[in-house]
Amino acid sequence: TLSCKIGPSVLNADLSQLYNESQKLIDSGADYLHLDVMDGTFVPNLTFGHPVVKCLRTKLPNAVFETHMMVQNPLQWISAMADANVDQYTFHIEPCDDVPLVCRKIKEAGMKVGLAIKPGTPVTCVEEYIDMADMILVMTVEPGFGGQKFMTDMMPKIEILREKYPTMDIEVDGGIGPNNIDVCAKAGANMIVSGTAVIQAKNPPQVIQLLKDSVNK
Ligand code: DX5
Ligand code: ZN
């Protein structure tokens, strides 16, 4: 059976305290850290890149890092993120003219491959690359910002993927929290990204546990 994991996003955390905030999330029960890398071109926002991820890695040598590459040129950052010992390199297929090449380079760099699709991108676009991927990320918000509203109409995409690829890791990301985790779990997602709902929680460990209990049902 698939392992179900919770990977909080640090995007809406106090980024001046990125290490402490990350440590807190791990201590709160996070299975991995979802690091939102934005280049200001693929999405109209700019966050951080490999220099920050490398420094974070020196302080968190054992944490599992997933970088969510919301970038126009995913090929460009593979080696730098591999130098930071990133575990999973998840990129958007929309700006890519050679997805297989990017997948190959990620694997050669020793990282796992995640393929991400925006809400407007049909599942069929990612199916042709399914054999090259370790995980599929179905966005439940338009990428670029934390704190947006969860898009329930993305659930059929997850149902289709889960039905066709029962052992594939399927991640959801955007607007997820206690009030919609059951819908995600029911659709078949097994990797859950949650940012604001965890970061702004009075009791983050409790929220992470609730998310875990829901997907492990
Ligand atoms: C949005 C990012 C998401 C987002 C999740 O572009 O990819 O990871 O930060 O944060 P919430 O849970 O606040 O939507
Ligand atoms: Zn993300």
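In this text, all values refer to a predicted model and were calculated from it rather than measured experimentally.

Asker: What is the right way to read the sheet that holds strand S2 (residues 33-38) from this model?
Answerer: Pairing between the strands of a sheet comes from backbone hydrogen bonds, and it takes one of two forms, parallel or antiparallel. Pairing in this open sheet of eight strands is parallel, and the strands run S1-S8-S7-S6-S5-S4-S3-S2 from one edge to the other. The outermost strands of the open sheet, each flanked by one partner alone, are strand S1 (5-8) and S2. For this sheet the average axis-to-axis angle between neighbouring strands, irrespective of direction, equals 25°. Bridging between strand S6 (residues 135-139) and strand S7 (residues 169-173) involves five bridges; their strand directions are parallel.

Asker: Help me out: how do you make sense of the coordination of the zinc ion (ligand 2) in this one?
Answerer: Reference geometry at the metal: tetrahedral coordination by four donors gives ideal angles of 109.5 degrees; octahedral coordination by six donors gives 90 or 180 degrees. Coordination of the zinc ion (ligand 2) by the protein comes from His34 (NE2), Asp36 (OD), His68 (ND1) and Asp173 (OD), over a distance range of 2.1 to 2.2 Å. Its six donor atoms give the zinc ion (ligand 2) angles of 74 to 175° at the centre, a pattern that matches the octahedral case. Expressed as a motif, the donor residue spacing for the zinc ion (ligand 2) is H-x1-D-x31-H-x104-D. In this pair, histidine 34 sits in strand S2 while aspartate 173 sits in strand S7, placing the two residues 139 residues apart along the sequence. The exposure classification of histidine 34 matches that of aspartate 173, with both residues buried.

What counts and what doesn't
The residue count restarts for each chain, going from 1 along the sequence in the order it is written. Chain A is the first chain written and ligand 1 is the first ligand written, with later ones labelled in order. Residue-level local features of this predicted model are given only where pLDDT is at least 70; pairs of side-chain atoms are given and counted only at 80 or more, and the full residue set underlies all totals for whole chains, interfaces and linings. Heavy atoms throughout the structure, all of them, feed into the side-chain values; hydrogens and water do not. At least two bridges found by DSSP between two strands are what make those strands a pair. Here a strand is any run of E in DSSP of at least two residues, a helix any run of H or I of at least four, and the numbering for each starts at the N terminus. Each axis is a line fitted through C-alpha atoms, and for a helix only the stretch in contact is used; angles between axes span 0 to 180 degrees, taken between their N-to-C directions. Each metal's donors are the N, O and S atoms found within 2.8 Å of it, except that Na, K and Ca use a 3.2 Å limit; water is left out, so coordination can look incomplete. Geometry is assigned from donor-metal-donor angles: four donors are tetrahedral when every angle falls between 85 and 135 degrees, four are square planar and six octahedral when opposite donors sit over 155 degrees apart with all other angles between 65 and 115, and any other arrangement is irregular. Residue exposure (1.4 Å probe, protein chains only): buried if accessible area is under 20% of the type maximum, exposed if over 50%, otherwise partly exposed.

In short, shape yes, function no, at least from these values alone.
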